[in-house]
Amino acid sequence: MSADPRLAALVDRADRLYRDYRLSSVRDWKARTGGLAVGYMPIYVPRELLHAQGVLPVGLMGGRDDLEIIKGDAYYQSYICHIPRSTIELGLNGSLDCLDGMLFPAICDVIRNLSGMWQMLFPGMLVRYLDVPQNFDRDLGGRFYRDDLEQLARDLAARGAAPLDADALRHSISLYNEDRRLVRELYALRGRAPWKVPTHELYMVLRAALVLPVEESTALFRTYLELVTHDDTRKPLDQARVLLTGSFCEQPSIGLIRTLERAGCYIVDDDFVQIHRFIQSDIPVDGDPVENLVVAFLTDAMASPTRYVETGVKGDDLIRRAEEGGAEGILFCAASFCDPALLDQPMLVKAVERRGFPWTAFKFSENSGQFQVIREQAGTFADSIKLWSGA
Amino acid sequence: MTTRQTATPVDVQKDASQVRQKAMIARHFDRLAAAPDTGEKTVYTFVPGNLTELLLSFDILPVLPEINALQSAMRGKSAEYISVAEKLGHSEDVCTYVKSDIGMLKSGNIGPTGQRLPNPDVLLLSYTGCFTFMKWFELLREEYDCPVAMLHVPYQADGRVTESMRRYVVDQLRQKVIPVLEQATGRAYDEDRLRECLARSAEAEDDLVWVLQSARHTPSPIDAYFGAVYYVGPIFSSFRGTPDAVAYYRELRAEIAERIRLGQGPVTPDGDLETERFRIVVEGPPNWTSFRQFWKMFVDEGAVAVASTYAKVGGVYDTGFRHDPSHPLESLADYCLGCYTNLSLPSRIDLLTRYVKEYSADGFLINSVKSCNSFSAGQLHILREVEARSGRPGGFIESDLVDPRYFSAANIKNRLESYFQMLEQKRPGGAA
Amino acid sequence: MRYTVGIDLGSTTTKAVVLGDDGTILGRGITNSRSNYDVACQVALGEALINARFSLIDGELARSGLAADLRARQLARLERAFRAEQYRSQLRVLAKELRRFLARLLTKPKGLGKSVDQIVASMEAEVDDLYAEGARRKSDFFRDLAGSRYLALAEAEARATGVGFDTLAGLFDKAILDVENSPEAAGRFEDHARAALAGIPEVDERLPAAVDRVATLQLEQIGSVGTGYGRQRLPFPEGQIRSEILCHGLGAHAMFPGTRTVLDIGGQDTKAIQVDDQGIVTSFQMNDRCAAGCGRYLGYIADEMSLGLHELGPIASLSTSPVRINSTCTVFAGAELRERLSLGEKREDILAGLHRAIILRAMSLLARSGGVKDEFTFTGGVAKNPAAVTALQGLLAENYGELTVNISDDSIYTGALGAALFALRTTGVRS
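Here the structure is a predicted model, which means the values were calculated and not measured.

**Q** Give a description of the overall build of chain A that names residues and reports values.
**A** Regarding its fold elements, chain A presents 14 helices and eight strands. For chain A, whose C-alpha radius of gyration is 20 Å, the value lies close to the compact-globule estimate of 21 Å for 391 residues. Based on the C-alpha atoms only, the size of chain A along its principal axes is roughly 65 × 50 × 50 Å. The proportion of buried residues among the 391 residues of chain A is 66%. Contacts in chain A between residues far apart in sequence, at least 24 positions, make up 77% of those at least 6 positions apart. With 44 positive and 55 negative side-chain charges, chain A shows a spacing of 2 Å between the two charge centroids.

**Q** Give a detailed account of the interface of chain C and chain A, specifying residues and quantitative values.
**A** Opposite the 15 residues of chain C that make contact, chain A presents 17 residues. Between chain C and chain A lies a buried interface of about 1400 Å² when both sides are counted; carbon and sulfur atoms form 40% of it. Taken as a group, Arg324, Asn326 and Glu339 of chain C account for 38% of the area that chain C buries against chain A, more than any other trio of residues on that side. In this structure, the connection of chain C to chain A is made through two salt bridges. As a salt-bridge pair, glutamate 68 of chain A and arginine 324 of chain C come within 3.6 Å of each other at their nearest N and O atoms.

**Q** Break down the packing of helix H3 (residues 112-130) of chain C against helix H5 (residues 165-180) of chain C for me, with residues and values.
**A** All names here are of chain C. Two elements in contact, H3 and H5, have axes separated by 11 Å at closest approach and are oriented at 60°. As far as their axial angle goes, H5 and H3 are oblique. In the packing of H3 onto H5, the handedness of the crossing is right-handed. Of H5, the residues touching H3 (which contributes Leu112, Ser115, Val116 and Ile119) are Thr167, Leu168 and Leu171. Partitioned by chemical class, the residues of the contact of H3 with H5 number five nonpolar, two polar and no charged.

**Q** How would you sum up empty space enclosed by the protein? Please name residues and give values.
**A** Scanning the entire structure with this criterion turns up 19 cavities of 30 Å³ or more. In terms of lining residues, the largest cavity is bounded by 46 residues, among which Val47, Glu66, Ile67, Leu70 and Tyr310 of chain B are the most central. Per-element tally for the lining of the largest cavity: the top contributor is helix H9 (residues 226-236) of chain B, with six residues. The residue makeup of the lining of the largest cavity, split by class, is 29 nonpolar, 14 polar and three charged. Built from parts of two domains, the lining of the largest cavity gets at least three residues from each of domain 1 (4-190) and domain 2 (194-426) of chain B. Of the volumes computed, that of the second largest cavity is approximately 210 Å³. If you trace the second largest cavity, you find 18 residues lining it, with Tyr18, Leu23, Leu60, Gly62 and Arg207 of chain A closest to the centre. Elements with a contribution of two residues or more to the lining of the second largest cavity: helix H1 (5-19), helix H4 (83-92) and helix H8 (199-209) of chain A. Of the residues in the lining of the second largest cavity, the class split is 11 nonpolar, four polar and three charged.

**Q** Mind laying out the sheet that holds strand S5 (residues 240-245) of chain A, listing which residues take part and the relevant values?
**A** Residue and element names in this part refer to chain A. Spatial ordering of the open sheet is given by S6-S5-S7-S8, a layout of four strands whose pairing is parallel. The outermost strands of the open sheet, each flanked by one partner alone, are strand S6 (265-269) and strand S8 (359-364). Direction aside, neighbouring strands of the sheet carry axes that sit 35° apart on average. Of the pairings in the sheet, the one linking S5 to S6 comprises four bridges and is parallel in character. Along S6, the bridge assignment pairs valine 242 with isoleucine 267. Here helix H10 (residues 254-262) sits on the sheet in contact with S5, S6, strand S7 (329-335) and S8, set at roughly 115° to S6.

**Q** Explain the sheet that holds strand S3 (residues 101-105) of chain A to me, and be specific about the residues and the numbers.
**A** Residue and element names in this part refer to chain A. The four strands are arranged S2-S1-S3-S4 in an open sheet whose pairing can be described as parallel. Each of the sheet's edge strands pairs with one partner strand only, and the pair in question is strand S2 (56-59) and strand S4 (126-130). Direction aside, neighbouring strands of the sheet carry axes that sit 25° apart on average. Strand direction decides the pairing type here: strand S1 (residues 37-40) and S2, joined by four bridges, are parallel. Note that in S2 the partner of alanine 37 across the bridge is leucine 56. Contacting S1, S3 and S4, helix H6 (residues 138-158) crosses the sheet at an angle of about 175° to S4.

**Q** So, the nonpolar core: which residues are in play, and what are the values?
**A** The biggest cluster of nonpolar side chains holds 310 residues, and the ones touching the most others in it are Leu99, Trp118 and Tyr224 of chain A together with Tyr97 and Trp288 of chain B. Per element, the largest residue contribution to this core is 10 residues, and it comes from helix H7 (residues 163-185) of chain B. If you look at the next biggest cluster of nonpolar residues, it comprises 41 residues, including Leu351, Ala357, Phe376 and Leu392 of chain C.

**Q** Summarise unusual backbone geometry; cite the residues concerned and give the values.
**A** Geometrically, the link from threonine 218 of chain B to proline 219 of chain B is a cis peptide bond, its omega value of -5° lying close to zero. Relative to the helices and strands, proline 219 of chain B resides in the loop between helix H8 (191-213) and H9. Phi is positive for leucine 23 of chain A, which is not a glycine, with a value near 55°. Within the secondary structure, leucine 23 of chain A sits in the loop between H1 and helix H2 (24-33). Positive phi outside glycine occurs at phenylalanine 337 of chain A, with the angle close to 65°. Locating phenylalanine 337 of chain A in the fold gives a position in the loop between S7 and helix H13 (339-354).

**Q** Report on the interface of chain B and chain A, specifying residues and quantitative values.
**A** Between chain B and chain A, the contact holds 56 residues from the first and 50 residues from the second. Surface buried jointly by chain B and chain A totals about 4700 Å² across both partners, of which 55% is contributed by carbon and sulfur atoms. On inspection of chain B and its partner chain A, the count reaches nine salt bridges. Counting the contacts that link chain B with chain A gives 30 residue pairs in polar contact (both at pLDDT 80 or more). With eight residues, H7 of chain B is the single largest residue contributor to the side of chain B that touches chain A. Partitioned by chemical class, the residues of the side of chain B that touches chain A number 22 nonpolar, 17 polar and 17 charged.

**Q** Residue-level account of the domain arrangement of chain B, with values.
**A** Residues and elements named next belong to chain B. Taken as a whole, chain B is organised into domain 1 (4-190) and domain 2 (194-426). Buried surface at the junction of domain 1 and domain 2, summed over both partners, amounts to about 5100 Å²; 60% is from carbon and sulfur atoms. Our enumeration of links across domain 1 and domain 2 arrives at 26 residue pairs in polar contact (both at pLDDT 80 or more). The set of elements that each furnish at least two residues to the side of domain 1 that touches domain 2 consists of helix H1 (16-38), helix H2 (52-57), helix H3 (65-74), helix H4 (78-87), helix H5 (96-106) and H7. In terms of residues, the side of domain 1 that touches domain 2 owes the most to one element, H1, which gives nine residues. Partitioning the side of domain 1 that touches domain 2 into residue classes produces 36 nonpolar, 17 polar and 12 charged.

**Q** Describe the domain arrangement of chain A, naming the residues involved and giving the relevant values.
**A** Residue and element names in this part refer to chain A. We note that the domain assignment places domain 1 (28-167) and domain 2 (233-390) within chain A. For domain 1 and domain 2, the distance between their C-alpha centres works out to 24 Å. Tallying the contact residues gives 39 residues for domain 1 and 33 residues for domain 2. Around 3200 Å² of area is buried between domain 1 and domain 2 when both sides are counted, 66% of it from carbon and sulfur atoms. Ranking the residues of domain 1 by area buried against domain 2 places Ile43, Tyr44 and Phe136 at the top, with a combined share of 23%. Scanning the region where domain 1 abuts domain 2 turns up three salt bridges. The interface formed by domain 1 and domain 2 holds 11 residue pairs in polar contact (both at pLDDT 80 or more) in total.

**Q** Any chance you could break down the packing of aromatic side chains for me, citing the residues and the numbers?
**A** If you walk through the whole model with that rule in mind, you get 45 aromatic pairs over all chains. Centre to centre, the rings of phenylalanine 226 of chain B and tryptophan 295 of chain B are 5.5 Å apart; their planes meet at 10°, and the pair counts as stacked. In this pair, phenylalanine 226 of chain B sits in helix H9 while tryptophan 295 of chain B sits in helix H11 (residues 291-299), placing the two residues 69 residues apart along the sequence. Just as phenylalanine 226 of chain B is buried, tryptophan 295 of chain B falls in that class too. Centre to centre, the rings of phenylalanine 321 of chain B and tyrosine 335 of chain B are 6.2 Å apart; their planes meet at 35°, and the pair counts as tilted. Here the residue phenylalanine 321 of chain B occupies a position in the loop between strand S8 (303-308) and helix H12 (328-338), and tyrosine 335 of chain B occupies one in helix H12, the gap between them amounting to 14 residues. Lying across the ring of tyrosine 187 of chain A, arginine 190 of chain A places its NZ or CZ 4.5 Å from the centre. Here the guanidinium or amino end of arginine 384 of chain B rests over the ring plane of tyrosine 75 of chain A, the centre of that ring lying 4.7 Å away.

**Q** With reference to specific residues and values, describe the confidence of the model for chain B.
**A** It should be kept in mind that the predicted coordinates are not to be read in detail where pLDDT is low. Summing up the model confidence of chain B, the mean pLDDT is 94 and the portion of residues at 70 or higher is 96%. For this predicted complex, the interface confidence reaches an ipTM of 0.96, while the overall pTM sits at 0.89.

Conventions adopted
- Each chain has its residues counted from 1, running along the sequence as written.
- Chain letters start at A and ligand numbers start at 1, both assigned in the order the entries are written.
- Totals for whole chains, interfaces and linings use all residues, but because this is a predicted model, local features are given only for residues with pLDDT of at least 70 and pairs of side-chain atoms are given and counted only at 80 or more.
- For side-chain calculations, the full set of non-hydrogen atoms in the structure is used, while hydrogens and water are omitted.
- A run of DSSP states H or I qualifies as a helix once it reaches four residues; a run of E qualifies as a strand once it reaches two. Both are numbered from the N-terminal end.
- Two things to know: the radius of gyration comes from C-alpha atoms, and the globule rule equals 2.2 Å times the number of residues to the power 0.38.
- For every residue, the accessible area obtained with a 1.4 Å probe (protein chains only) is divided by the maximum for its type, and the residue is called buried under 20%, exposed over 50%, and partly exposed between those limits.
- When checking whether two residues touch, look at their non-hydrogen atoms; a contact exists if any pair is within 4.5 Å.
- Asp and Glu count as negative and Lys and Arg as positive, but His and the ends of the chain are not part of the count.
- By convention, charge coordinates are those of NZ in Lys, CZ in Arg, CG in Asp, or CD in Glu.
- The term buried area denotes the loss of accessible surface (1.4 Å probe radius) that occurs when two parts are joined, taken as the sum for both partners.
- A pairing counts as a salt bridge when a side-chain nitrogen of Lys or Arg comes within 4 Å of a carboxyl oxygen of Asp or Glu.
- Fitted lines through C-alpha atoms give the axes, limited to the stretch in contact for helices. The angle between two N-to-C directions lies from 0 to 180 degrees.
- Note that the term roughly parallel is reserved for angles under 35 degrees, roughly antiparallel for angles over 145, roughly perpendicular for angles of 65 to 115, and oblique for everything else.
- Helix crossings fall into two classes, left-handed where the near helix is turned counterclockwise from the far one by less than a right angle and right-handed where it is turned clockwise.
- For this classification, Asp, Glu, Lys and Arg are treated as charged, while Ala, Val, Leu, Ile, Met, Phe, Trp, Tyr, Cys and Pro are nonpolar and the rest, including Gly, are polar.
- A cavity, in this analysis, means grid points on a 1 Å lattice covering only the protein atoms where a 1.4 Å probe fits yet has no way out; a pocket is instead an open set bounded by protein on both sides within 12 Å along at least five of seven lines, and a residue lines either one if it has an atom within 4 Å of a point.
- Grid points are joined across faces, edges and corners, and a volume is the space filled by probe spheres set on the points.
- All domain edges in this entry derive from an automatic or database-based domain assignment.
- The rule for pairing is simple: two strands pair if DSSP sees at least two bridges between them.
- Only buried residues count toward a nonpolar core, which is a set of Ala, Val, Leu, Ile, Met, Phe, Trp, Tyr and Cys residues joined through side-chain atoms within 4.5 Å.
- The term polar contact refers here to a pair of N or O atoms within 3.5 Å; inside protein, the definition further demands a hydrogen-donor-capable atom paired with an acceptor-capable atom, and it admits residues adjacent in sequence only when both atoms are side-chain atoms.
- Each pair of aromatic rings taken from Phe, Tyr and Trp, with Trp reduced to its six-membered ring, is defined by centres within 6.5 Å and is described as stacked if the planes are under 30 degrees apart, edge-to-face if over 60, and tilted in the remaining cases.
- Placement of a positive charge over a ring is assigned whenever Lys NZ or Arg CZ falls within 6 Å of the ring centre and within 35 degrees of the normal to the ring plane.
- Values of pLDDT, which run from 0 to 100, indicate the predictor's confidence residue by residue.

What follows is the structure, encoded as structure tokens:
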């Protein structure tokens, strides 16, 4: 039995897309279609709406450990996280000049302020701070959010995008429903058989999809799912099953993910590239599609440190995910100076401890290149879980 | 002068207004301490976007954790509190106001006057201009079994308040905040009382603006950063809308008018500033652990802050906003939406540039605090833009709000000296 | 003769520049700042005045018509002999101090006194070789020079006789402080110069005459300005203290009048300074609170690799493929280095990466201060490091295009020069 060469080819393509700072695939798409491309920061934007107007949403998640920061550091003090530096670097070095706009969803004050900096640095771009509501009543937060989305649609149209059309939006919703469904299946498969879907590989595929039109990303997910499902060359190892949380905005390098895997951890759930999973189930296709988008955001989004928990208990969602995913321990893996993750962490730790989950915590930066300490820590953690479960 | 250990804002000067402010604060904390016995209800809430008039109309007493944290720092307690919180798992990377507050809570919740603070009956989470506020009250909610009223105030990303934003806030006030306050206090919302409070707010706001704008005089009769901390105290905290606040600001205004008449400079911890050598606009909150030492570094150089953005965190009144009794909830909404930290970076740059020009400043200085990303993220961009637009040199120093580990006196003094010497040298016919 | 002096009290060295009242540089002096600040200032000033007298002697010889090449040779000989004399006098004080501390030891291991005598005798015997023509010295600071010889000899002595090396080393550590603080050790210019002169063969007759005139010349200080990291501790009145930012700006302008942007990477901090056509500072930025990316960082790396600071640059320059290093945090420097070495990465590649990382930090400071304008002047200890200079030149060209990059051999004296110029201005002798 040998691995299907198509799998290696697919992963290779994903890797190239993930590493392509200059977004060649986006440039090609624009040349082909003449459409607008709009970048967005983590965690969530309504991609369906952009797609319905013929706009290509392009997910940006900062830089990697190989991006040399020359201009970006001039904008930030040492105590601010890394993702805005690399994002500015990419903006100023011309990598993002194929984008017609940028959306900055409400994640934290750093990203919020970055939206204002972007307005000044790139006056030609459509720059929007997407102030998603923290009130989840339909007639309060819902109404506000709807106003915001309709304004965004008008702004895009004013820049040459197609005016928002209900049927087009319904179609887009159905395409993204399928896209998300496949990601859910991939996560489910990884939960059942993590050796079949190594996280560093899945991660690359999820990242690659950010720069592709949804039609292509769905195809990528589908093919990947088929190939890994039928790949029998990958065999299970005696590893500890862990849920990784805290990396929803700034992303660790592939090196760090691999380090965790090599240290004996199967990551069975995580917060990486969360846009693919932020809305947890299918958005209804019939009825008022804008309202459907709004309601999905209000009622069906994943719990996130960036989102106010109005009812229920902090950490309930994390516990549910850990139990459903069969996790044996929790890795808190937050970016250094990430306010949402780090302020949330003591509450989540408390929830996790109440349920008796072992946990460990460390911080990273997207450009960290040294994992010796984390390797030791994760290795010890995985060993202790295995000892515990064997006892 | 009092020593640092016992310093509270009202100790710095002994003008009648300061004596009055001190008495107001003392009465407020006495009421808070007695609340468990008197049955008075209490609410914890934040300074930016505070709904003091609404709270007054319900007779519910506010506790402001931010003020407690800065007071803990001035009393030399914050290091210990922060260490308590960090031992409980709070990251060294995050806001030290939060950690100081959590540490204080875990150490018996003894407030700035040495009296125990009552537990809240309501947490009023006015989520304005600061992401951390939301986390802060999620953390407190785990400590207290009480209702939370969440008010989400959208950010002025495009430099303006839209009808949709205003309606969103007003509707939340009606449907989310007022019902929780009614429930907690057992009283019905009384709009007439609210209007009375708002009318008094506007009166005090007029006087405050007059005081802040007095710094346009040369020499400036006030320090609009360090000194202003005391001036904005009542209006930013629990007193806006009270007759006390009206009287305080009337008195303060008369005192400043007298200073102008006498050609006096600002009051400082070391007495009146004799010679005004530099007029500076300041951006960013002060450091509280070494507040006086920090201030003295300015005084020693003859530097006076003629305007500051910190004096606008609890409301930007000098651009014309006043609480308006004829539109009570709308006016509260506009107030929340208009706080300084809720302004976009371009708007902040506009405001700073205006200050440099309107207050004839020699330069502007940014104190960048590690704790506060709402203020700090983008300040280096602000520095560059304001320099370019105002033609005045900017200075940049780094410290923290209440964590003494991040106040390096030698380092800050070095930068300030270099900065002031540069200003001196750049003057026409500047000194050698 | 009247002079003004500027003193730059840095974290690793103290520098002094002496100006004549026409603004010409008469002399420069440098010392380690390990002992107390007053002493460091005195020593640096003393060195600068010695240096000034040498340049005055040179001037005398020139006026007497001695050809330039002859002059240089005569002066070089004189200076070597002078330094040897100075070293001997310091060594005498060292010997005295060693014996004094020896006498105070509560328990005196057998043979210790003899060992100390033996070491001192060997050191004295080496002096002529140390200052022979063409001899290479690791440092010109007595502490370093005498220290490395003493410790080497002590080690040999300990091996040979069984006397404790730690005891011997401990004696030196105590004694050296007093040597550095001792005016007797530094000696008088006149005495050293005459002794030196007596020992040189084939002296041109114009040299003793010039030495005579200069050695007895009264040097009168008419102005002084202090600057630098430790300027608050300088024994100067407040009015005579200027920030290092201003001094660096003016100093760089004096060295290279076309300068518009100055980068100074010193031991404790990095400064990016913009100046106008008069050398007046228009804006500046300094590094973050921490010393990441400063000269001190290279110091840690050197210690970690057991190399001399000056050896790092040349080794890094051998690299053909620098590794990428993202952190210049001094706290993690050691761990990062060990891990990289354990991964089998080459020493020169790691060092090249480290130098680039430091320069990247400097690039962001430059950007914060308003970018880079032509001409660009690079100063501070790190400007002497070839690998740092190469990395800087590459990044400047990539980001700001072609520009003139000025680096002076005397760049370490930039701040002191600016201070001396401020001092000159305050005397009113010359505007």
